[in-house]
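Examination of the molecular architecture
Next come the chains, spelled out residue by residue.
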Amino acid sequence: FPPARSALPPPRDVDARTRAVQAPSTAMIVASEVDPRADLARERASATFPARELAALLAGGEDKLVLREKVGDAVRAHPVFSKKGKYFMERADLYRTTLEKYLALPALAAELGARGVGDPMAIGRVIREMIDEPGGLDLHLGMFIPTIQGQADEEQKKYWMPRCVKLQIIGTYAQTELGHGTYIRGLETTATYDPPTEQFVIHSPTLTSTKWWPGGMGKTATHAIVMARLITHEGEDKGPHAFVVQIRKNEDHATMPGVTAGDIGPKMGYNAVDNGFLRFDHVRVPRRAMLMKHSSMSKDGTYTPPPVAKAAYGTMVFVRSDIVMNAALYMKKAVVIATRYNLVRRQSNPGSAPNLEPRELDSSFGSVPKHVELQVMDYQHSQRSLFPVLARAFAFHCTSDYMRRMYFEYEKKSRASADFSALPELHATSSGLKAYCSWATKDAIELCRLCCGGQGFMALAGFGTTFGNYAPNATYEGDNNVLCLQTARYLLKVCRAAASVAAGRKQSRGEKTKADAAAEETVAAAANGAARYLLENPTRSPKPRWRESEIRDPDVQLAAYAHAARRLVTAAASRAGSSSADAAMQSDMVAWIKAAKAHCAYVVLKTFKEAVEEVRDKRWVSRATQAAMERLVALHGLATMDDDMGAFLEDGYVDGSGAERVRAEISALLLELRPDAAALTDAFALDDYFLNSALGASDGDVYARLYAEVQDAPFNKSHAPPGYESLLRRRLLKGVEGTSKL
């Protein structure tokens, strides 16, 4: 490794005496210098398992991992995809360069596909992920097209999809209003049907009915899927439905007659996206502007409702499952940056580094001076902060896979046989996990920034844009607390159904009522899902003692999570009595949100545990890699428990000594995982182009990269600051030597 000093400009030509005076001081400092690249290389060499093997597993196979690497090489080499100077851009430039990347994406994907790299669609998804900047086309790709696919009938899809794919139209999804967000039934935009003309009249009757926030609506979109309350010609309100409405002309991008639209201005982040506002003043659209896969309006004004009241929720569920997947991705990104920086940053306690073994002093990675400062990662607090985030990122990866499989299985059944029986749990699970995972990821990004000290606050670190672009996940597509209550309603329903079925069995009643049949149907569906624990009687066996032999057992941990969730749900259900679900949620909201979070924590641990067990049973990886994954499962289970220990202590399921053993085992796991810190981040296979971080690049060359990046900053192009002549120069001239009157 050449010295990091090579990043510096050539030394100034000074006289010999000045150089001689300074030379001993320089030699003293240089003697304790350690190249961060060598530190990261040593860390990789200390791993107990092959990172490549785990990376291939997470990617879905070696072929998919190679595809991602080839795509990374291609985007780095393509001038349009350059991220150079991104952190110094004004909003207009950020919008434009991001749009350029999205528009260049199809051609690059097609080119790589033609060269045999892989399927162009798969390549396109990887490029979009690597761009890592939501832009004006984000909702076109992420909401407009999926809604057409999920809610349009075949004729409508045949018309709209080619135009979407060819970008002959650009869409957005207009649901949220100035006065309404999560409460969809309260939307005020109306679509009133007029049979003689076979048209709907789209109208914004109030100020608060203004559509507000949709991405791409400010400047980019030509069309919008507008969620509006369908009003029949007889004045009957059929609730929110989706309509495709043109809002700007293709010829000159001017707004359509009766349409008012614009951008809502800068946000805390997410500023490459033109979030906008939209109003309609008696805008007429054809009857077939209504998406009619699930419900329809005939020419004469006869309304046909969907076969299942919430059948149209499919798109929303898809988007929420996508948010769970992104939670895993951005938690990975944050923890990779922070972990790599903590591995190369040295701070205090010179000579106390535990990894200064004699064999390392003469290693091929360069010698380590004897009295160097300690790597930040060798402080236990750094490990306790970052390793649980690392483990949770792996857990969320497994949970997102589970969520996607659950969604696509539902889609397959609902399309093939109109079987919507899985929708209640799918809706509840996607709602809860969207909230749980987005909260956790938002907090993890900030924690990772804090673990990087002052350098983490620099834009060049990557945390600022990562947080700014990710944080909206906690509020868009449904407020997280409200979504937890959606999950809680399902848990209450299962709890009551289980009690009803159990009571019916004891009483051996004769003919079943509709309520009995509904309860049995709910129980049967829950028996195959994540809420199965609510159907089981609480264990009457002695509480676990958390012995050393069982404390890492994932089944023991999962039983504890199930116990905590079941206790919270059944206690809240007991307090609710026979009141309606709405009344129960309203009167005991805090408890129900806590119960939903406990349920989601159980689901995440369960999916993580089962995924790692499947890897073991099918022998997809070596024993060393399997052991590393099992340590991650154990750490995730115990650290998450430790962070919310009150839920386990409250009824004595875990006592004080058990809590102490949990913390002791966490400390042991931190030490065991320490040699694998670099390898575990490498296993995520996040390209440096995607990370775009001076602190988290794979070569570890932190200081040279930071120094080089700021040299090109626009603010450094002139030595004089803005306003120098009019604000500072006259004052500073008075300080020129020789003008003092003293």
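Residues numbered from 1 in each chain as written. Predicted model: local features only at pLDDT ≥ 70, side-chain atom pairs only at ≥ 80, totals over all residues. Heavy atoms only, no water.

Some remarks on the overall build of the protein
To be explicit about the condition: Helix and strand labels come from DSSP, where a helix needs a run of H or I of at least four residues and a strand needs a run of E of at least two; each type is numbered from the N terminus. Here the globule rule is a power law, 2.2 Å times the number of residues to the power 0.38, and the radius of gyration is based on C-alpha atoms. Each residue's exposure class comes from its accessible area (1.4 Å probe, protein chains only) as a fraction of the maximum for that residue type: buried when under 20%, exposed when over 50%, partly exposed otherwise. Note on contacts: a residue pair is in contact if any heavy atoms of the two residues lie within 4.5 Å. Using a 1.4 Å probe, accessible areas were evaluated by the Shrake-Rupley method; residue-level cover was limited to the displayed protein chains. All tallies of charge rest on Lys and Arg as positive and Asp and Glu as negative; His and the ends of each chain are not included. Note that the charge is assigned to NZ on lysines, CZ on arginines, CG on aspartates and CD on glutamates.
In terms of helices and strands, the protein carries 25 helices and 11 strands. Taking 27 Å as the expected radius of gyration for a compact globule of 742 residues, we find that the protein reaches 29 Å, a close match to that expectation. Projected onto its principal axes, the C-alpha positions of the protein cover 100 × 75 × 65 Å. In the protein, buried positions account for 50% of the 742 residues. Restricting the contact set of the protein to residue pairs at least 6 apart, pairs at least 24 apart contribute 76%. Working note: accessible area of the protein is about 35300 Å², and carbon and sulfur atoms make up 55% of it. Across the protein, the centroid of the 94 positively charged side chains sits 2 Å from that of the 86 negatively charged ones.

Some details on the packing of aromatic side chains
Formally: Ring pairs shown here join Phe, Tyr and Trp side chains whose ring centres sit within 6.5 Å, with only the six-membered ring taken for Trp; geometry is labelled stacked below 30 degrees between planes, edge-to-face above 60, and tilted in between.
A complete count under the given rule lists 12 aromatic pairs for this structure. Measuring from centroid to centroid gives 6.1 Å for tryptophan 212 and phenylalanine 277, while their planes differ by 25°, and the two rings are stacked. Placement of the pair is tryptophan 212 in strand S4 (residues 211-212) and phenylalanine 277 in strand S8 (residues 276-280), with a sequence separation of 65 residues. On the numbers, 5.7 Å between centres and 55° between planes, the contact of tyrosine 561 with phenylalanine 648 is tilted. In this pair, tyrosine 561 sits in helix H16 (residues 554-576) while phenylalanine 648 sits in helix H20 (residues 646-649), placing the two residues 87 residues apart along the sequence.

Topic: the side chain of histidine 563
Position of histidine 563 relative to the elements: it lies in helix H16. Apart from the residues lying within four places of it in its own chain, the contact partners of histidine 563 are Asp651 and Tyr653.

Some details on the nonpolar core
Definition in use: We define the nonpolar core as a collection of buried residues of types Ala, Val, Leu, Ile, Met, Phe, Trp, Tyr and Cys that are connected through side-chain atoms lying within 4.5 Å of one another.
The biggest cluster of nonpolar side chains holds 174 residues, and the ones touching the most others in it are Ile127, Phe394 and Trp592. By residue number, the principal contributor to this core is helix H9 (residues 314-344), which donates 19 residues. The contacts of phenylalanine 394, once residues within four sequence positions are left out, are Leu54, Leu58, Phe608, Leu632, Leu680, Ala683 and Phe684. Of all hydrophobic cores here, the second largest spans 24 residues; its members include Leu278, Ala289, Met292 and Met297.

Overview of the pattern of salt bridges
Condition: Salt bridges are identified by distance alone: a Lys or Arg side-chain nitrogen within 4 Å of an Asp or Glu carboxyl oxygen.
In the structure shown here, the tally under the stated rule is 49 salt bridges. Across the salt bridge formed by aspartate 617 and arginine 616, the nearest N and O atoms sit 3.0 Å from each other. You can call arginine 616 partly exposed: its relative accessible area is 39%.

So, helix H19 (residues 623-643)
Residues spaced three or four apart along an α-helix point in a common direction, a consequence of the helix completing one turn every 3.6 residues. Where we set the bar: By definition here, a helix of n residues has an expected span of 1.5 Å times n minus one.
Its 21 residues place the ends of H19 30 Å apart at the C-alpha level, agreeing with the 30 Å of an ideal helix rising 1.5 Å per residue. By the criterion of burial, H19 is predominantly enclosed, with 17 of the 21 residues buried.

Describing the packing of helix H11 (residues 380-417) against helix H21 (residues 656-673)
To keep things clear, this is the line we draw: Note on geometry: axes are lines fitted to C-alpha atoms, helical ones only across the stretch in contact, with angles between N-to-C directions running from 0 to 180 degrees. An angle below 35 degrees is read as roughly parallel, one above 145 as roughly antiparallel, one from 65 to 115 as roughly perpendicular, and any other as oblique. Amino acids are sorted into nonpolar (Ala, Val, Leu, Ile, Met, Phe, Trp, Tyr, Cys and Pro), charged (Asp, Glu, Lys and Arg) and polar (every other residue, Gly among them).
Close contact between H11 and H21 brings their axes to 10 Å; oriented N to C, the two are set at 90°. With respect to H21, the element H11 is oriented roughly perpendicular. Across the interface between the two elements, Gln380, Gln383, Arg384 and Phe387 of H11 pack against Ile666, Ser667, Leu670, Leu671 and Leu673 of H21. Along the lines of polarity and charge, the residues of the contact of H11 with H21 split into five nonpolar, three polar and one charged.

Focus on the side chain of lysine 211
Rules: Polar contacts, as counted here, are pairs of nitrogen or oxygen atoms within 3.5 Å of one another; within protein the pair requires one atom able to donate a hydrogen and one able to accept it, and residues that are adjacent in sequence qualify only if both atoms are side-chain atoms.
With respect to the element layout, lysine 211 can be found in strand S4. Given the relative accessible area of 0%, lysine 211 is considered buried. Side-chain polar atoms of lysine 211 contact the backbone oxygen of alanine 174, separated by 3.5 Å. A distance of 3.0 Å separates a polar side-chain atom of lysine 211 from the backbone oxygen of glutamine 175.

What about the sheet that holds S4?
Counted only if it meets this: Only strands that DSSP links by at least two bridges are regarded as paired with each other.
Taken in spatial order, the three strands make up an open sheet running S4-S8-S7, and their pairing is antiparallel. Each edge of the open sheet carries a strand with a single partner, namely S4 and strand S7 (259-263). Here two bridges tie S4 to S8, and the two strands are oriented antiparallel to one another. Opposite lysine 211, over in S8, you have leucine 278 as the bridge partner.

A few points about helix H7 (residues 138-151)
The test is simple: A residue's bend is the angle separating two fitted axes: one through the seven residues that end there, the other through the seven that start there.
With 14 residues, H7 extends 19 Å between its outermost C-alpha atoms, agreeing within 8% with the 20 Å of an ideal straight helix rising 1.5 Å per residue. For H7, the principal kink sits at phenylalanine 144 and spans about 25°; a proline, proline 146, occurs within the next four residues. The buried fraction of H7 is high, at 11 of 14 residues. If you check which residues of H7 are buried, you get Asp138, Leu139, His140, Met143, Phe144, Ile145, Pro146, Thr147, Ile148, Gly150 and Gln151.

Concerning the pairing of strand S3 (residues 199-203)
Taking burial as the measure, the five residues of S3 include four buried ones, the bulk of the element. As defined by bridge partners, strand S2 (residues 190-194) adjoins S3 across five bridges and the pair is classed as antiparallel. Counterpart to tyrosine 193 in the pairing with S3 is phenylalanine 200. Linkage of S2 to S3, two consecutive antiparallel strands, is achieved through a turn of four residues, within which glutamate 198 is found at a positive phi near 55°. Bridging between S3 and strand S9 (residues 283-286) involves four bridges; their strand directions are antiparallel. Residue phenylalanine 200 lies in a different strand from S9, and its bridge partner there is valine 285.

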